[in-house]
Amino acid sequence: MVIGGGAVGCSALYHLTRLGWSDVVLLERDELTAGSTWHAAGNCPNFATAWCLLKLQQYSTQLYARLGQEVGADLTYHRTGSIRLAHSADRVDEFRHVSAQARALGLAFELLAPAEIRARHPFLDTEGIRAGLWDPDDGDIDPAQLTQALAQGARQRGATIYRHTRVSAIRALPAGGWRLETPQGAIEAEYVINAAGFRGAEVAAMIGEYLPMVSLSHQYLVTEDIPALAARGAARLPLLRDPDVSYYLRQERHGLLLGPYESRGRAHFLDGIPADFAYQLFADDLARIEDYIEAACARVPILGSVGVKRVINGPIPYAPDGNPLLGPASGARNFFHCCAFTFGIVQAGGAGKVIAEWVVNGEPDWDVWPLDHRRYLGFAGHGYALARALETYQTEYGVAYPQEERAAGRPALTSPLYGRLEALGAVFGARGGWERAVYYAMPDDPPGPERSFRRPRWHRAVERECAAVANGVALLDLPGFTRFEITGKGAGSFLDHLIAGDLPRPGRTTLSYACSARGGVVMEMTLSQLSEGRFWLLSAAAAQRHDEDWLRQHLGSQRGAVEIANLTHRYGTLVVAGPRSRALLARLTQADLSNGALPWLTVRPIEVAGVPVLAMRVSYVGELGFELHVANEHLVALHSGLVEAGTDLELGHFGLYAVESLRLEKCYRSWKADLTSEYTALSAGLERFVRLEKEADFVGRAALRRQADAGVGERLVPLLVEARAADAAPVSIVYRGGERVGLVTSGGYGYRLKRSIALAYLRAELTDPGTELEVEILGERCRALVAREPLYDPDNVRLRS
């Protein structure tokens, strides 16, 4: 059952039938396209700054190119190509990075000089333009025709569509499945996909789930016919985007269509969407976009030579970050969301593919975590969603820097130490809603840009913090760790069937992985057995809903014998790291911290500074270290005690940017960066955490056995890169000669090694240490050598000291 008859809903229906399901139904409260689809501009760019969106949009454009012929429908699709203009050096860097990604997918993106821009768009003034980015497959499609073609293709394979059938209530059936109430009667379905567009949150609320989304108005205008365009006959101008000014401009018949993303975005429906709002627009509000009209007229003077024929001002749904909300509903079996599409026309094809695979196969082919609605936790209430959505709209065409900490909606969640760390110079970023120090600024830090594709000004601070960790002792506050306590008589058996490796013994901790049926990495967790049958599971802050869903989904026959308690908001974590960390803690505890009493990978309760803590002898930064897990009400006292005791030890503080540098030197993987469901645990080089012959038959074992027998085709390895002012960003491309042979998943600078480092998936035959390759960084091929991991302290002497 699909709810919603826009382009996305009809694509979901179409793709369900493509996967062999014919007993499928779509319910639309009005006519097809009546929400946001009918008034969409219909632009179809391949360009995206997220890897999964680039793949998703490319799939859409390829599908649309063949769809009309496939289903026997008229489908107006102009593939005119497009030019994006760059006014700044940072924008050129962005174009260089994205064009390399595009080429890895077979897209022929090309950087253009100003003269080449003018040759392809003769009416454009190139004054002040540094470069352009050419996408030959960009263009525009008729949104209504697209939706009808997808619907027609679905009907041809047995699907049924009911128009004017409004869903008024949804309830779960005791035996499984769902009952949907409509004015025409009830209908039952085993699976439901919420593709209700800007009404997606309304539908989610019917099953008791909240989706953080806001409807914003977006305007575009269409001019009268322009004689110079009419004189060109059938020849069409390429679609033009001027992201540094924030508008798009394309040909519409013999006129032009201009759409800005203005700095004064406007939200609507804050008190609810009118029941009869369909095929409706808001009043024109051209005063909001006057400056953009003037700038576009200066750039393309023929735009100002005629009048405006019509203005479209309609609602577009926005999630806080502008990405759609996809994936299984939390705690609601066989219910899926596929809504909040800001660029719904170009993303509809790929989104339909993804959600249909999720429903039919249990997981999509691509890892789409940046689109998974579970990336938002309880902090993302309406005020947060509104603030972030407006910020995202107003910066829709902003440069997508590798590291940017946007301010809207923050702080949402803070540690009890937030004010203390701020006073110490902490600069914060939000992770899973939690404010965490990313680095500590000092008054004498050199000037420079805070954001850049090259090394920004905070790299000096990161170097200082890495030195404190490597040579002395430093503190890191890590609020918001996802934290589950798993108990009950079936706890051990349940976890053993879930993770690929062995369970830790009581008093021990280990790094564990849960895999999908295909062997892809789904969860990464620090798993500790505190006492017989009592386990703590720690994972990324953002993973809370995702991981809890996975745990509860796999309870199976252990339901009732296993209890899962979410302790995330009850505890904080202080990391004490560096060769002097034991000396610091020894001043504040009577506990024996020696290797004999508390060796590597052990866990036990102790008292520090008069505070009860759970001490874990683990370190993500490659030095002697301890994680101190403490109830939030004791966190300030613990921090105060550590700071006071560490004065003569020159105790430092470090943030997440330093952690990133330090973990790269140890080749430690990062969840949803290096570890995704697209790569198996074996491809990720996690063999030491996989026990294929253990007694428990864990999820994904059959797939991993097949891969082990056949041989791993790709493997994650470290590269030492001869980079200059910029390090390899995620999704940088690895070459051998002229051949693309790999993909970077993490990159940065290692200050202990004084080397630029990348982690990359390469073809297996190229993973021997010493293999010479190249990594493309901002358009330049940089020499890179495959190295043996870990790069730093290869025998783990410092960790175990």
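Note that the structure is predicted; figures quoted are calculated from it, not measured.

Looking only at helices and strands, one finds 18 helices and 39 strands in the chain. Taken over C-alpha atoms, the radius of gyration comes to 27 Å for the chain, in line with the 28 Å a tight globule of 801 residues would show. Across the 801 residues that make up the chain, the buried fraction comes to 61%. Here the analysis covers contacts within the chain between residues at least 6 apart in sequence; of these, 71% occur between residues at least 24 apart.

On to the nonpolar core. Counting 94 residues, the largest nonpolar core has Leu 67 and Ile 193 as the members making the most contacts within it. The leading source of residues in this core is helix H2 (residues 51-71), at 10 residues. When neighbours within four sequence positions are excluded, Ile 193 is seen to be in contact with Met 1, Val 2, Ile 3, Ala 12, Leu 16, Phe 336, Cys 338, Ile 355 and Val 359. Judged by nonpolar contacts, the second largest core, of 31 residues, contains Phe 428, Ala 437, Leu 588 and Ala 615.

Okay, unusual backbone geometry next. A cis amide bond links Arg 410 to the next residue, Pro 411, at an omega of -5 degrees. Residue placement: Pro 411 occurs in the loop between helix H10 (382-394) and helix H11 (418-423). In this structure, Cys 667 is a non-glycine residue whose phi angle is positive, near 60 degrees. If you trace the backbone, Cys 667 turns up in the loop between helix H17 (656-666) and helix H18 (701-710).

For the rest of this paragraph, the subject is the sheet that holds strand S11 (residues 185-189). Pairing in this open sheet of three strands is antiparallel, and the strands run S9-S10-S11 from one edge to the other. Lying at the two open borders of the sheet, with one neighbouring strand each, are strand S9 (169-172) and S11. Here the average twist between neighbouring strands, direction ignored, is 20 degrees. Summarising the sheet, strand S10 (residues 178-182) and S11 pair through five bridges and their orientation is antiparallel.

Turning to the pattern of salt bridges, a few remarks are in order. All told, the structure shown has 61 salt bridges when counted by the stated rule. One salt bridge in this structure joins Arg 18 and Glu 70, with 3.7 Å as the shortest N-O distance. You can see Arg 18 sitting in helix H1 (residues 7-18) and its partner Glu 70 sitting in helix H2, a full 52 residues away along the chain. Accessibility expressed as a relative area gives 30% for Glu 70, which makes it partly exposed. For Glu 463, the salt bridge identified is with Arg 460, shortest N-O distance 3.4 Å. Of this pair, Glu 463 and Arg 460 both sit in helix H12 (residues 459-471), three residues apart, roughly one helical turn. Through salt bridges with shared partners, a single ionic network connects Asp 140, Arg 236, Arg 250, Glu 252 and Arg 310.

For any two helices packed against each other, one specifies the inter-axial angle together with the distance between the axes. It is the contact of H12 with H17, at a shortest axis distance of 9 Å, that shows an interaxial angle of 65 degrees. Our pair here, H12 against H17, has a crossing hand that is right-handed. For the pair formed by H12 and H17, the contact residues are Val 462, Glu 465, Cys 466 and Val 469 on the first element and Tyr 657, Ala 658, Ser 661 and Leu 662 on the second. Of the residues contributing to the contact of H12 with H17, the split by class is six nonpolar, one polar and one charged.

Right, let's get into the pairing of strand S14 (residues 239-242). Neither face of S14 is exposed, since Leu 239 and Arg 241 on one face and Leu 240 and Asp 242 on the opposite face are all buried. Bridge analysis of strand S4 (residues 82-86) against S14 gives three bridges, and the strand direction is parallel. Paired with Ser 82 across the two strands is Leu 239, which belongs to S14. Strand direction decides the pairing type here: S14 and strand S15 (residues 247-252), joined by three bridges, are antiparallel.

Here Thr 126 lies in the loop between helix H4 (114-120) and strand S6 (131-135). The residues contacting Thr 126, other than those within four sequence positions of it, are Pro 114, Ile 117, Arg 118 and Arg 299.

A few words on the sheet that holds strand S28 (residues 563-566). Pairing within the open sheet is antiparallel, and its five strands lie in the order S25-S26-S27-S24-S28. The open sheet has two free edges, formed respectively by strand S25 (508-515) and S28, since each of these has just one partner strand. For this sheet the average axis-to-axis angle between neighbouring strands, irrespective of direction, equals 30 degrees. Looking at chain direction, S25 and strand S26 (residues 521-531) are connected through eight bridges and run antiparallel. Note on S26: the bridge partner recorded for Thr 510 is Leu 527.

The next point concerns the pairing of S26. S26 sits mainly inside the fold: 10 of its 11 residues count as buried. Turn length for the S25-S26 hairpin, with the two strands adjacent in sequence and antiparallel, is five residues, and the turn residue Gly 519 shows positive phi of about 90 degrees. As defined by bridge partners, S26 adjoins strand S27 (residues 534-539) across five bridges and the pair is classed as antiparallel. Its bridge partner being in S27, Leu 527 is matched across the sheet by Leu 537. Hairpin remark: S26 followed by S27, antiparallel, with two residues in the connecting loop; positive phi at Gly 533, about 80 degrees.

Further remarks concern the side chain of Arg 241. For Arg 241, the location among the structural elements is in strand S14. At 2.6 Å, the side chain of Arg 241 and the side chain of Asp 138 are in polar contact. Apart from residues no more than four positions distant in its own chain, Arg 241 is found in contact with Asn 43, Pro 45, Ser 82, Ile 83, Arg 84, Leu 85, Asp 138, Tyr 247, Tyr 248 and Tyr 397.

This paragraph deals with the environment of Ala 387. When you line up the elements, Ala 387 lands in helix H10. Since its relative accessible area comes to 29%, Ala 387 is described here as partly exposed. Through-space distance from the C-alpha of Ala 387 to that of Phe 335 is 28 Å; in sequence the pair is 52 residues apart. Aside from chain neighbours lying at most four places away, what touches Ala 387 is Ala 408 and Gly 409.

A few words now on the packing of aromatic side chains. Overall, the coordinates contain 28 aromatic pairs when judged by the stated rule. Ring centres of Tyr 261 and Tyr 393 lie 5.3 Å apart, and the angle between their planes is 65 degrees; this geometry places the pair in the edge-to-face category. Taken together, the positions of Tyr 261 in the loop between strand S16 (255-260) and strand S17 (267-268) and Tyr 393 in helix H10 put the pair 132 residues apart, joining distant regions of the chain. The interplanar angle of 15 degrees and the centroid separation of 5.7 Å between the aromatic rings of Tyr 620 and Tyr 668 together place this pair among those described as stacked. A residue pair is termed long-range when its members are at least 10 positions apart, and Tyr 620 in the loop between strand S31 (611-616) and strand S32 (625-631) and Tyr 668 in the loop between H17 and H18 qualify at 48 residues. Tyr 668 sits in the buried class, given a relative accessible area of 17%. Through successive ring pairs, a cluster of aromatic residues spans Tyr 248, Tyr 261, Tyr 318, Phe 343, Tyr 393 and Tyr 397. For the cation-ring pair, Arg 436 lies above Phe 481, with the distance from its terminal atom to the ring centre recorded as 5.9 Å. In this structure, Arg 752 packs its charged tip against the face of Tyr 792, placed 3.7 Å from the ring centre.

The rules behind these values
- Residues numbered from 1 in each chain as written.
- Predicted model: local features only at pLDDT ≥ 70, side-chain atom pairs only at ≥ 80, totals over all residues.
- Heavy atoms only, no water.
- Helix = DSSP H or I, 4+ residues; strand = E, 2+ residues; numbered from the N terminus.
- Rg over C-alpha atoms; globule rule 2.2 N^0.38 Å.
- Buried < 20%, exposed > 50% of the residue type's maximum accessible area, 1.4 Å probe, protein only.
- Contact = heavy atoms within 4.5 Å.
- Core = buried A, V, L, I, M, F, W, Y, C linked by side-chain atoms within 4.5 Å.
- Pairing = 2+ DSSP bridges.
- Axes fitted to C-alpha atoms, helices over the stretch in contact; angles between N-to-C directions.
- Salt bridge = Lys/Arg side-chain N within 4 Å of Asp/Glu carboxyl O.
- Left-handed = near helix turned anticlockwise from the far one by under 90°.
- Nonpolar A, V, L, I, M, F, W, Y, C, P; charged D, E, K, R; others polar.
- Polar contact = N/O pair within 3.5 Å; in protein donor to acceptor, adjacent residues only side chain to side chain.
- Phe/Tyr/Trp six-rings, centres within 6.5 Å; stacked < 30°, edge-to-face > 60°.
- Lys NZ or Arg CZ within 6 Å of the ring centre and 35° of its normal.

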